[in-house]
Each structure stands twice: as C-alpha cells, then as structure tokens.
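Observations on the three-dimensional arrangement
The residues making up each chain are set out below.
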Amino acid sequence: MTATQIKRAEDTRTSIKAKHDLPWNVILHNDWENSMPRVVVILKKVIPGMTLKKATKIMWDAHTAGKAVVKSCHKELAELYEERLLAKGLTVSIEPTS
C-alpha cells in the first residue's frame, strides 16, 4: 500500500466512526394525555441533572411547538432515556442530530 492509500483508508475509518458518534436528540412530543406539571415532574425524575426551570421550558416548547429536544447524547443513552420516558407515559422519540 502506498502512503496515499493508507491515508485514504484511515480517513474512511475516521469518517465512519464520526458518523456513529454523532449525538442523538431525545424529542418530547406534545400530547393531550399528560398534564403540564406531570411532564415536568417526569423529566426531572428521569433525566439526570434536569432542573425545574429547564424541564418547564422543554415542556412549554413541546406544548407550543409540538415537540422539543430533551437531551442530546450518544445513541445508547438516548435509547435509554426514550425507553424510560415512554414507560412513564410520555410521547417521545429519538433522532440523530443534523
């Protein structure tokens, strides 16, 4: 292999790894099943470090815009938060950041 071919192979591996390491967004969707205070309490309980102020803002953004980003993190953690929030009755999804 030439030096150029080695460099291309390394660049390819790096770009593949970078795509897998992109953060994922945990998205809260507005629903009519949960009261606003309940959503805030659940967000505070499930997401470590979530403050009352931040949880309230996320809840309000989801209520007014239809959805809001709860957290950006690696995929496995996003899946964990999604699972826990769904188990509490919230409407959530995950998606890669753009």
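Everything below is about the structure shown above.
Structure report, in brief. (Residues numbered from 1 in each chain as written. Predicted model: local features only at pLDDT ≥ 70, side-chain atom pairs only at ≥ 80, totals over all residues. Heavy atoms only, no water.)

What follows covers the environment of Ser-72. Among the structural elements, Ser-72 can be located in strand E2 (residues 67–73). Distance from Ser-72 to Thr-97, taken between C-alpha atoms, is 7.9 Å for residues 25 residues apart in sequence. With near-sequence residues (within four places) excluded, Ser-72 lies in contact with Pro-23, Trp-24, Asn-25 and Thr-97. Within the structure, Ser-72 has its side chain in polar contact with the side chain of Asn-25 (distance 2.3 Å). (Helix = DSSP H or I, 4+ residues; strand = E, 2+ residues; numbered from the N terminus. Contact = heavy atoms within 4.5 Å. Polar contact = N/O pair within 3.5 Å; in protein donor to acceptor, adjacent residues only side chain to side chain.)

One pass over the full model with this rule turns up 1 salt bridge. With a closest N to O distance of 2.7 Å, Lys-57 and Asp-61 form a salt bridge. With a gap of 4 residues between them, Lys-57 and Asp-61 both fall in helix H3 (residues 52–65), about one helical turn apart. Since its relative accessible area comes to 51%, Lys-57 is described here as exposed. For Asp-61, a relative accessible area of 27% puts it in the partly exposed group. (Salt bridge = Lys/Arg side-chain N within 4 Å of Asp/Glu carboxyl O. Buried < 20%, exposed > 50% of the residue type's maximum accessible area, 1.4 Å probe, protein only.)

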